[in-house]
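Residues per chain are reported as follows:
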Amino acid sequence: MWIAKVSQIIGSSNESFEDAARSVLARANRTLRGITEIEVVEKTLKVDADEIAEYRVRMRLSFDVAPQVDSHW
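Residues numbered from 1 in each chain as written. Predicted model: local features only at pLDDT ≥ 70, side-chain atom pairs only at ≥ 80, totals over all residues. Heavy atoms only, no water.

### Structural notes on the environment of Ile-38
And then number 1: Inspection of the secondary structure puts Ile-38 in strand β2 (residues 35-48).
And then number 2: The class of Ile-38 is partly exposed, set by a relative accessible area of 35%.
And then number 3: Placed 22 residues apart in sequence, Ile-38 and Arg-60 show a C-alpha to C-alpha distance of 5.7 Å. (Helix = DSSP H or I, 4+ residues; strand = E, 2+ residues; numbered from the N terminus. Buried < 20%, exposed > 50% of the residue type's maximum accessible area, 1.4 Å probe, protein only.)

Rendered as structure tokens:
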């Protein structure tokens, strides 16, 4: 049996959507273990003075709640 938790994280970058997504994953890997799936839920742009100021992504991460352990019963 597999049990997972889902968390949504928003990240940003001045460079690109891809860079924003990579920053989300890098930050998530510092505290979450066993990430099994990532879904990009939304992409948005912050605009300032008619220019793209920031790329933003909202991502849904699935990760194992705990490692699977075989029962000794």
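### Comments concerning the nonpolar core
And then number 1: Residues Ala-20, Ala-21, Val-24, Ala-28, Leu-32, Val-57, Met-59, Leu-61 and Phe-63 constitute the largest nonpolar core, which totals 9 residues.
And then number 2: Mapped onto this core, the elements with two or more residues apiece are α1 (17-31) and β3 (51-64).
And then number 3: Once residues lying within four places of it in the same chain are set aside, the contact partners of Ala-28 are Ile-9, Ile-35 and Leu-61. (Core = buried A, V, L, I, M, F, W, Y, C linked by side-chain atoms within 4.5 Å. Contact = heavy atoms within 4.5 Å.)

### Some remarks on the pattern of salt bridges
And then number 1: One pass over the structure, following the stated rule, counts 4 salt bridges.
And then number 2: For the salt bridge of Arg-22 with Glu-18, the shortest nitrogen-to-oxygen distance reads 2.6 Å. Separated by 4 residues within a single helix, Arg-22 and Glu-18 lie in helix α1, roughly one turn from each other.
And then number 3: Residue classification places Arg-22 among the exposed positions, given a relative accessible area of 54%.
And then number 4: Between Glu-39 and Arg-60 there is a salt bridge; the shortest N-O distance is 3.0 Å. On the criterion of sequence distance, the pair formed by Glu-39 in strand β2 and Arg-60 in strand β3 is long-range, its members being 21 residues apart. (Salt bridge = Lys/Arg side-chain N within 4 Å of Asp/Glu carboxyl O.)

### A few points about the packing of aromatic side chains
And then number 1: The final tally for this structure, using the stated rule, is 1 aromatic pair.
And then number 2: Centroid distance Phe-17 to Tyr-55: 5.2 Å. Interplanar angle 80°. Geometry classified as edge-to-face. Of this pair, Phe-17 sits in helix α1 while Tyr-55 sits in strand β3, and the two are 38 residues apart along the sequence.
And then number 3: Look at Tyr-55 and you get buried, because its relative accessible area is 18%.
And then number 4: In this arrangement the basic side chain of Lys-43 is found over the ring face of Phe-17, its NZ or CZ atom lying 5.2 Å from the centre. (Phe/Tyr/Trp six-rings, centres within 6.5 Å; stacked < 30°, edge-to-face > 60°. Lys NZ or Arg CZ within 6 Å of the ring centre and 35° of its normal.)

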